[in-house]
Amino acid sequence: MAKKLMKGAEAIGEAAIRAGCRHYFGYPITPQSEIAEYLSRRMPEVGGVFLQAESEVAASNMLFGAAATGTRVMTSSSSPGISLMAEAFSYMVGAEVPAVVVNAMRGGPGLGGILPSQSDYFQATKANGHGDVHFIVLAPASLQESVEHVMMAFPLAEKYRNPVMIVADGLVVQMMESVDFDIVETTDPPDVEDWAATGTKGRRERNLVKSLFLDPLGLEEHNRKLRRKYDEMEENEVRYEEVLIEDDTKLVAVAYGTTSRVVRSVVEELRGEGYPVGLFRPITLYPFAYDRLREISKRDSVKGFMSIEMSTGQMIYDVRLAVQDLKPVGFFGRQGGIIPTPDDVRKAMLQELEKLGG
Amino acid sequence: MSDRFHNEVVFAGFGGQGLLTAGKLLAQAGMAEGLQVAWVPSYGPEMRGGTASCTVVLDSVIVGSPIVPSPMNAVVMNLPSMKKFAPEIKPGGVLVINSSLIEERSDRTDILQVPINCNDIAIEVMGNSRSANMAALGAIVGATDMISYESIETALRNLFAKKPKLVEPNVEILKRGYEIGRAAREKAAQEG
Amino acid sequence: MVTIFTRPDSMFDTPTHYCPGCTHGVAHRLVAEVIDELGIKDKTVGVAPVGCAVLIYNYMNTDFVEGSHGRAPASATGIKRSRPDLVVYTYQGDGDLASIGAAEIVHAANRGEKITVVFINNAIYGMTGGQMAPTTLPGQKTTTSPKGRDVNHIGYPIRMAELLATLKTPGYIVRSSLHDPYHIAMAKKAIKQAFIYQLEGKAFSMVELLSTCPTNWGMTPYQATQWLKENMLQYYPLGVFKTPEDE
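Residues numbered from 1 in each chain as written. Chains lettered and ligands numbered in written order. Predicted model: local features only at pLDDT ≥ 70, side-chain atom pairs only at ≥ 80, totals over all residues. Heavy atoms only, no water.

### Here's the deal with the domain arrangement of chain A
How big an interface is tends to be stated in terms of accessible area lost as the parts join. Residue and element names in this part refer to chain A. Per the domain assignment, the segments of chain A are domain 1 (4–236) and domain 2 (241–355). The C-alpha centroid of domain 2 is placed 28 Å from the C-alpha centroid of domain 1. On the side of domain 2, 25 residues touch domain 1, which itself brings 32 residues to the contact. Between domain 1 and domain 2, roughly 2,300 Å² of surface is buried when both sides are summed, and carbon and sulfur atoms account for 55% of that area. Applying the counting rule to domain 1 against domain 2 returns three salt bridges. (Domains from an automatic or database assignment. Contact = heavy atoms within 4.5 Å. Buried area = accessible area lost by both parts, 1.4 Å probe. Salt bridge = Lys/Arg side-chain N within 4 Å of Asp/Glu carboxyl O.)

Printed below as a string of structure tokens:
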């Protein structure tokens, strides 16, 4: 199929279909309701199931139920709804079931606003639920990348038997760009008979999908098993992109998602004018590219970093962890649903460059 | 990077003037020419004040910022949009003004202003002003030459594929807009 | 030798963790007998609640999913909608179903999910140590209603069977009791019918079972069955509140 101009919400929905997902449970919330709307039309066409739940709490527990049978399943929501889903997310990590979750982040806290934001970074990367919980978190910057992330999220979730979250923002789901579904390989779902609740069919011992371990030693062992999976994710799944980080780069901006696109434009512009700046774009927010950023920070030419976010400063903690404060880490952010303009970012980066001695 | 093509158009006016559709057609035509494209509906504080707008960004390599506070070009279909975007266009850009509804002109001399009576053209061809957006779309393509006329006409024909009766009149409106835009561009080029 | 009574095939041969006199064991057994009799053990998936019965999967030899508190009907929905060939049932207590999971049970019933719900109503929170439940009777003393349930403060106990029976969507809604052998036999009949409706793809079904909690009621098992008979039956009438054949 040729490239197609699509709205983000629809591209994400279609990508799920292309990835072989036939079950979606969700609840309306701005700005991502179009994902549900699209799938309510599309799922019946492919013999799938779309179900609008009575709440995000119920939707995520439906997700859990379907995932417990080894079915490819997805939900989507936006910040306040994701908070409600956190209950089931934790159970799903504990019970080791795969699923895909899309969060079109909007401004918070509380009801906040309905416009694009990146202020769920902490929640997504560190606290998708209670307990020792991690999701692989993918942060697409374009619609093509959103499609790729949705399509690779299912096999990733299945590989680790752990949910995968795609953090988009309100802009990604609302804008239109060209997308090509054919460049992403689709995979068949793996055999799940050794763990999933599919009925014994008289062929095997029964399977138990659960997260309760009343024996402390048993729970500790379970936690360590999960930790080993996180270690594997950290070993194998770190993704990032470097833009114009060259031998002479002095200031490295770190940005993801929509913000990274604005920063990319500014970095290209400043480079053209001879300023030694570059962009580091984390593609997985968890696992975070600590090692690569640390390597970059060890270069003599690199004098500092700058985290640029639609929050009051969340990813900056990871950037500082990565560079271990051996180099200063500045910050620029907009909040409230406001996407930083190229002018905003340009000014902030030039100021930071000045601080670092030109 | 000198060969890199990059362009931006803001389409702004009242809700219902078909600006989101006009922008979508431009994005589709750009995509057909092999460009990277982004179509972004107005967001944030821009949404207030009765103007609906969208921004289309075309780039031969990659669309960086989809947020363009100072666009290279703008199509304004009503006065509030004119007041908002005329001062923001980058020098050397094009401002397509729907002169059916806007009497004023910008006092800027560093941009090319293309007044075009979009509503009148649409009424002449179709008996109503619903397709005024097509005249404006033709004009911005003609005045900027950012994509070929053929590409935009194809995009329009595809849009109306299921409503064949609407194809030819809309193409005529688009074409008349395009000619007005092109004439303005050529005249400006002659005048240097 | 002719075997006339044995452990159901759908149960493991293991002692339960339930207190002496608790009716969970009886309810488990009824479900297991029904699963055996219908020959559906190989395609049954149970959804465990949060509460005393969370460990039901230690006793029932079928696939099981352990839900979060009150959400078993939602998880069961996810299971049944993704694998309609499975027989899916939830087993929930009154805190789980009537309090924290009130929304999930109402909406699962209202969607007509083809699942079966076994609802244990013992008028108290068991696992957390005898706190007031939405089903605690007026005046009943619990650790969080030390002077007895004050209906002016907290309202009246919820009659879940009656509440669900008001829904327009077809369903099979029954209340039975486990306080004596006759009613236990009746309860089994209802549970079996509930599973049959699911197998026929006909309707959502819920069987509410009036149950005892001698430990948290502070009674002997015998006193507890008497108390159930004398107090709960008055407030929670037994019967079939709705069948899929109803208009």
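### Some details on the pairing of strand S15 (residues 329–333) of chain A
Every other side chain in a regular strand lies on the same face of the sheet, so the side chains alternate between the two faces. Residue and element names in this part refer to chain A. Most of S15 sits out of view: four of its five residues are buried. Where strand S14 (residues 304–309) and S15 come together, five bridges link them in parallel fashion. Paired with Ile308 across the two strands is Phe332, which belongs to S15. With helix H11 (residues 315–323) bridging S14 and the parallel S15, this β-α-β connection has right-handed handedness. (Buried < 20%, exposed > 50% of the residue type's maximum accessible area, 1.4 Å probe, protein only. Helix = DSSP H or I, 4+ residues; strand = E, 2+ residues; numbered from the N terminus. Pairing = 2+ DSSP bridges. Right-handed = clockwise from strand over helix to strand, strands pointing away.)

### A few points about the pattern of salt bridges
For the structure shown, the criterion picks out 57 salt bridges over all chains. With a closest N to O distance of 2.9 Å, Arg108 of chain B and Asp110 of chain B form a salt bridge. Linked through salt bridges whose partners overlap, the residues forming this network are Arg29, Glu33, Glu37, Lys188 and Lys192 of chain C.

### Focus: the interface of chain B and chain A
Every contact between the two is made by 21 residues of chain B and, on the other side, 19 residues of chain A. Of the roughly 1,900 Å² buried between chain B and chain A, counting both surfaces, carbon and sulfur atoms make up 70%. Seen at the junction of chain B and chain A, the total is one salt bridge. Linking chain B with chain A are six residue pairs in polar contact (both at pLDDT 80 or more). Of all the secondary structure elements, the ones that give two or more residues to the side of chain B that touches chain A are helix H1 (19–32) and strand S2 (36–41) of chain B. Each residue belonging to the side of chain B that touches chain A can be placed in one class, and the counts come to 14 nonpolar, five polar and two charged. With two bridges connecting them, strand S8 (residues 176–179) of chain A and S2 of chain B associate as antiparallel partners. Across the sheet, the residue bridging to Glu177 of chain A is Ala38 of chain B, located in S2 of chain B. (Polar contact = N/O pair within 3.5 Å; in protein donor to acceptor, adjacent residues only side chain to side chain. Nonpolar A, V, L, I, M, F, W, Y, C, P; charged D, E, K, R; others polar.)

### Some details on the sheet that holds strand S11 (residues 251–254) of chain A
What holds strands together in a sheet is hydrogen bonding between their backbones, with the strands either parallel or antiparallel. Residue and element names in this part refer to chain A. The strand order S10-S12-S11-S14-S15 describes an open sheet built from five strands, whose pairing is mixed. This sheet does not close on itself; its edge strands, each paired only once, are strand S10 (240–243) and S15. Neighbour-to-neighbour, the strand axes of the sheet open up by a mean angle of 20 degrees, direction not taken into account. Against the sheet, helix H9 (residues 257–272) contacts S10, S11, strand S12 (277–282) and S14, and its axis sits at roughly 160 degrees relative to S12. (Axes fitted to C-alpha atoms, helices over the stretch in contact; angles between N-to-C directions.)

### What about the packing of helix H1 (residues 8–18) of chain A against helix H2 (residues 33–45) of chain A?
Residue and element names in this part refer to chain A. Taken N-terminus to C-terminus, the directions of H1 and H2 make an angle of 45 degrees; their axes are 8 Å apart at the nearest point. What the angle tells us is that H1 and H2 run oblique. Crossing hand, H1 versus H2: right-handed. Contacts between H1 and H2 pair Ala9, Glu10, Ile12, Gly13, Glu14 and Ile17 from the former with Glu34, Ile35, Tyr38, Leu39, Arg41, Arg42 and Met43 from the latter. (Parallel < 35°, antiparallel > 145°, perpendicular 65-115°, else oblique. Left-handed = near helix turned anticlockwise from the far one by under 90°.)

### Regarding the state of the cysteines
All names here are of chain C. Per the counting criterion, the structure on display carries zero disulfides over all chains. Distance from the sulfur of Cys22, which forms no disulfide, to the nearest cysteine sulfur (Cys19) is 6.4 Å. With no disulfide of its own, Cys213 lies 6.3 Å from the sulfur of Cys52, the closest cysteine sulfur. For Cys213, a relative accessible area of 10% translates into the label buried. (Disulfide = S-S within 2.5 Å.)

### Things to note about the pairing of strand S2 (residues 23–26) of chain A
Residue and element names in this part refer to chain A. Burial along S2 is two-sided: the residues His23 and Phe25 and Tyr24 and Gly26 are all buried. Sheet topology places S2 next to strand S3 (residues 49–52); four bridges connect them, and they run parallel. Counterpart to Phe25 in the pairing with S3 is Leu51. Relative to strand S4 (residues 73–77), S2 runs parallel, the two sharing two bridges. Residue pairing in the sheet places His23 in a bridge with Val73 of S4.

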